[in-house]
Amino acid sequence: MDELEQVADDAPGLVGAVNSLEGLKGVETELIGKNSVISRMRRGLSALDPDDRPTAGARINEVFTGVQVVIADRRRALEIAEENTLLVSDRVDVTVPNHRVTLGTEHLLTTVMDEVSDIFVSLGYRVATGPEVETAWYNFDALNTPSTHPARAESDTLYVDFGDPSDEMLLRTHTSPVQARYMQDHVPPVHVVVPGRVFRADSLDATHSPVFHQVEGLVVDTDITFADLKGTLEYFAKAFFGDGRVIKLIPHFFPFTEPSAEMHVSCFACDGSGCRVCSNSGWIELMGCGMVDPNVFEAVGYDPSAVSGFAFGMGVERLAMVRHGITHIKHFFENDLRVLGQFV
Ligand code: DAH
């Protein structure tokens with residue numbers, strides 16, 4: 001029994017000195033494991049005088065339970081300490097400035113070009129593209145633009161010199177040459193829109209840039225009339241600027257259409273009463289259009305007596321500037337993220 005009392009006395013100190021859960025397991029085995037004093041004494045109870053057994057048994061159990069409690073307390077304390085160490089080593093300093101990942105946004109010109117194309121695609125049009133470096137034939141001749149036309153002068157058109165004078169090359173001044181290319185490759189009926197980049201010998205001001213974008217449209221079939229053109233453009237105006245819009249077509253001149261017109265849309269900002277957006281006129285000029293000139297059909301091998309068609313061409317920068325109140329075209333090309341990020 002002295003040995004047992006010794007265990008009872010020593011246990012708290014032994015357990016208290018342990019500093020890890022692993023170490024505690026060892027001490028636990030030593031104190032109450034199979035070969036511990038306590039276990040040995042339990043097994044030896046039967047050898048005692050029956051009168052002494054109850055007292056000895058009770059004391060053994062008391063010491064056993066006491067040791068168990070001391071070990072359990074120590075285990076809980078060690079577990080808490082271990083968790084705290086982990087929390088400290090895992091700590092995140094929320095005051096450190098982070099590196100913000102900024103998401104890119106689609107460029108407004110791309111958005112508007114896609115939006116315009118989609119409106120026509122919803123009517124059954126196809127989308128076509130063509131080369132930015134173009135021949136003078138596609139850019140001018142096929143489009144009924146005579147060699148004396150002022151637009152062909154170097155003051156307006158950027159020519160590219162590849163050293164072969166018989167092959168006059170230029171940066172296309174409009175998306176209209178794709179009309180000719182598309183008709184050469186397809187038989188009517190044709191319903192096509194052509195978004196793309198165009199170039200002119202213009203210097204930069206609030207509304208002009210040497211590089212800008214257009215969306216061209218072309219419809220060819222039997223019996224296409226001016227009324228089809230007007231209905232189509234009115235549909236577009238409502239889809240792009242809102243339901244209340246109406247349009248008017250004002251006589252104009254383009255070499256490749258006859259008759260030709262300028263399309264104006266009633267101002268979406270003031271509903272036609274006059275405001276800053278429409279320069280107090282109530283109307284906004286949006287694009288050129290007209291009925292395809294028979295000479296254009298001839299040039300691409302269509303029979304002008306068998307088919308008719310309409311065409312239109314609009315400036316993408318202008319559409320975007322009008323709709324979003326952008327006052328200088330440079331904002332599209334300076335790529336200032338504070339500007340571009342506004343249009344998501
Ligand atoms: N190509 C003309 C321009 O750049 C715009 C245009 C006008 C296109 C009339 C057309 C059209 O297809 O029919 O100013």
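Keep in mind that this is a model prediction, so the values were computed, not measured.

1. What about the overall build of the protein chain?
- From N to C terminus, the protein chain includes eleven helices and ten strands.
- Looking at the protein chain residue by residue over its 344 residues, the buried ones come to 39%.
- Total accessible area computed for the protein chain in this model is approximately 19000 Å², and 53% of it derives from carbon and sulfur atoms.

2. Things to note about the side chain of Ser 266
- Mapped onto the fold, Ser 266 is located in strand β8 (residues 257-266).
- What makes Ser 266 buried here is its relative accessible area of 6%.
- Only 2.8 Å separates the side chain of Ser 266 from the side chain of Arg 245, close enough to count as a polar contact.
- Not counting residues up to four positions away in its chain, the partners in contact with Ser 266 are Gly 244, Arg 245, Val 246, Gly 282 and Trp 283.

3. Digging into the pattern of salt bridges
- On inspection of all chains with the given rule, the structure shows 13 salt bridges.
- A salt bridge links Glu 5 to Arg 59; its shortest N-O distance comes to 2.6 Å. Taken as a pair, Glu 5 in helix α1 (residues 2-17) and Arg 59 in helix α4 (residues 53-89) lie far apart in primary sequence, 54 residues in all.
- Judged by its relative accessible area of 28%, Glu 5 is partly exposed.
- Taking the shortest distance from any N to any O, the salt bridge between Glu 168 and Arg 152 comes out at 3.9 Å. Taken together, the residues Glu 168 in the loop between β3 (159-160) and β4 (169-171) and Arg 152 in the loop between α6 (136-139) and β3 connect sequence positions 16 residues apart.
- Within this structure, Glu 5, Arg 59 and Glu 62 form a network of salt bridges that share partners.

4. Overview of the site of the ligand
- Close contacts around the ligand come from 15 residues, with His 174, Ser 176, Arg 200, Gln 214 and Glu 216 the closest.
- Contact between the ligand and Ser 176: a nitrogen atom at 3.0 Å from a side-chain N or O atom of the residue.
- Isolated, the ligand exposes 350 Å² of accessible area, and the fraction of that covered by the protein chains is 90%.
- Every element with two or more residues in the shell around the ligand is listed here: β6 (211-221), β9 (283-292) and β10 (308-315).
- When its residues are assigned to classes, the shell around the ligand shows five nonpolar, eight polar and two charged.

5. Things to note about the domain arrangement of the protein chain
- The domains assigned to the protein chain are domain 1 (2-89) and domain 2 (108-343).
- Computed over C-alpha atoms, the centres of domain 1 and domain 2 are 93 Å apart.

Here is what the cut-offs are and how they apply
Residues numbered from 1 in each chain as written. Predicted model: local features only at pLDDT ≥ 70, side-chain atom pairs only at ≥ 80, totals over all residues. Heavy atoms only, no water. Helix = DSSP H or I, 4+ residues; strand = E, 2+ residues; numbered from the N terminus. Buried < 20%, exposed > 50% of the residue type's maximum accessible area, 1.4 Å probe, protein only. Areas by Shrake-Rupley, 256 points an atom, 1.4 Å probe, with all protein chains shown as cover. Polar contact = N/O pair within 3.5 Å; in protein donor to acceptor, adjacent residues only side chain to side chain. Contact = heavy atoms within 4.5 Å. Salt bridge = Lys/Arg side-chain N within 4 Å of Asp/Glu carboxyl O. Near = heavy atom within 4 Å. Nonpolar A, V, L, I, M, F, W, Y, C, P; charged D, E, K, R; others polar. Domains from an automatic or database assignment.

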